[in-house]
Amino acid sequence: MTVKPNRRSLLLPAVAAHLDQLGEGRARGVTPIAHREMAEALGGWIARNREAGKDSPVIVVCTGNSRRSILGATMGNIATASVGLPDIRMFSGGTEPSAFNPRTIAALEAIGVVIEPTGEQAPSGRSGLPNPVYRVRWGTVPGNPETEAIEFSKRYDDASNPRSGFAALMVCDEAADECPVVPGAALRVSIPFADPKEADGSPVESLRYAERRDELARWMLHALTRVL
């Protein structure tokens, strides 16, 4: 899947180019799609919602809402924007707030996403560490709700997230175990991805975060093939 020509101007050039590269790699079979059946389950749910004239909000959930969930939600939003599906909106959440990890920020900035602090602080989790709020933008027009989001670490049931009728994507085993039932979810899909945190402080740190970013993006792209 490549960026549609009439949608390319909506995305920042580097972001669009990276998405094209991912789509080409997936089409050639260079990187296998993980959790193919679960991607198709999400895509089928979205397709049924579209037939019924409903929006399809999605909350990507991991424990601390600092790495995989934010990577997944951001890359999912980039994918939906690239093909013109504004009724699909990705959010992120966790089982306990921590903070938007700087390594996650670096992995997204590496493909052209613009991430800026708003100067605000969200409530801290049990660690008591600062939890700054950021504006994350993947589009050319600031303020366009289709191409930017306000992001910070939070519980999946935070007031800023949908409270009912959403799909819950559990991207780590811990979150899946802690939340066997997600209140308000119309669909719950468990798709654990390896935690890039394991490489923190190592020479392959940036590589592991990039791998997880791109794995999640390819998974999202595959899910959208059921919708288009």
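Let me begin by describing the structure that accompanies this report. Being a predicted model, the structure only gives us computed values, none of them experimental. (Residues numbered from 1 in each chain as written. Predicted model: local features only at pLDDT ≥ 70, side-chain atom pairs only at ≥ 80, totals over all residues. Heavy atoms only, no water.)

1. Focus on the overall build of the protein
Helices and strands together make up the secondary structure of the protein, namely seven helices and seven strands. In sequence order, the protein lays out its α and β elements as α-α-α-β-α-β-α-β-β-β-β-α-β-α. Taken over the C-alpha trace, the protein has a radius of gyration of 16 Å; the compact-globule value for 228 residues is 17 Å, and the two agree within 12%. Seen through its principal axes, the protein has C-alpha atoms that stretch 45 × 35 × 35 Å. Considering the protein as a whole, with its 228 residues, one finds that 54% of them fall into the buried category. Residue pairs at least 24 apart in sequence account for 66% of intrachain contacts in the protein once pairs closer than 6 positions are excluded. (Helix = DSSP H or I, 4+ residues; strand = E, 2+ residues; numbered from the N terminus. Rg over C-alpha atoms; globule rule 2.2 N^0.38 Å. Buried < 20%, exposed > 50% of the residue type's maximum accessible area, 1.4 Å probe, protein only. Contact = heavy atoms within 4.5 Å.)

2. Brief notes about the packing of aromatic side chains
Using the criterion set out here, one finds one aromatic pair in the structure. Note on Phe100 and Tyr134: the rings are 5.2 Å apart at their centroids and 80° apart in plane angle, and the pair reads as edge-to-face. A residue pair is termed long-range when its members are at least 10 positions apart, and Phe100 in the loop between strand S2 (88-94) and helix H5 (102-109) and Tyr134 in strand S4 (residues 132-137) qualify at 34 residues. Neither Phe100 nor Tyr134 differs from the other in exposure class; each is buried. The residue whose ring lies beneath Lys154 is Phe152, and the NZ or CZ to ring-centre distance is 4.8 Å. (Phe/Tyr/Trp six-rings, centres within 6.5 Å; stacked < 30°, edge-to-face > 60°. Lys NZ or Arg CZ within 6 Å of the ring centre and 35° of its normal.)

3. A closer look at helix H3 (residues 36-51)
The end-to-end C-alpha distance of H3 is 23 Å, a good match for the 22 Å that 16 residues give at a rise of 1.5 Å each. Restricting attention to buried positions, one finds in H3 the residues Ala39, Leu42, Gly43, Gly44, Trp45, Ile46, Ala47 and Asn49. Following H3 by one or two positions, Gly53 has its phi on the positive side, about 75°. (Expected span 1.5 Å × (residues − 1).)

4. Structural notes on the sheet that holds strand S3 (residues 114-121)
Strand order in this open sheet of three strands is S3-S4-S5, and the pairing throughout is antiparallel. Edge positions in the sheet fall to S3 and strand S5 (148-151), since each of these pairs with one other strand and no more. In this sheet, adjacent strand axes meet at a mean angle of 20° when their direction is disregarded. (Pairing = 2+ DSSP bridges. Axes fitted to C-alpha atoms, helices over the stretch in contact; angles between N-to-C directions.)

5. Describing the environment of Pro130
Relative to the helices and strands, Pro130 is located in the loop between S3 and S4. Residue class for Pro130 comes out exposed when judged on its relative accessible area of 55%. In the structure, Pro130 is positioned 83 residues away from Arg213 in sequence and 24 Å away in space, judged by C-alpha atoms. When sequence neighbours within four positions are dropped, the list of residues in contact with Pro130 reads Ser98, Ala99, Gln121 and Ser124.

6. Examining the pattern of salt bridges
Summed over all chains, the structure comprises 14 salt bridges. Residue Arg135 is joined to Glu148 by a salt bridge in which the shortest nitrogen-to-oxygen separation is 2.9 Å. With Arg135 in strand S4 and Glu148 in strand S5, this pair connects stretches of sequence that are 13 residues apart. On the basis of relative accessibility, which here comes to 9%, the residue Glu148 falls in the buried class. Of the charged contacts, one joins Asp214 and Arg213 as a salt bridge, the two residues approaching to 2.8 Å between their closest N and O atoms. Exposure remark for Asp214: the relative accessible area of 12% places this residue in the buried category. For Arg213, a relative accessible area of 6% puts it in the buried group. Members of the salt-bridge network, linked through shared partners, are Arg67, Arg103, Asp200 and Glu205. (Salt bridge = Lys/Arg side-chain N within 4 Å of Asp/Glu carboxyl O.)

7. With respect to the sheet that holds S2
The sheet built from four strands is open, its strands ordered S2-S1-S6-S7 with parallel pairing. Looking along the sheet, the strands with just one partner apiece sit at the ends: S2 and strand S7 (185-190). Direction aside, neighbouring strands of the sheet carry axes that sit 20° apart on average. Here strand S1 (residues 56-62) runs beside S2; their pairing, made up of seven bridges, is parallel. When the bridges of S2 are listed, Val61 appears paired with Gly93.

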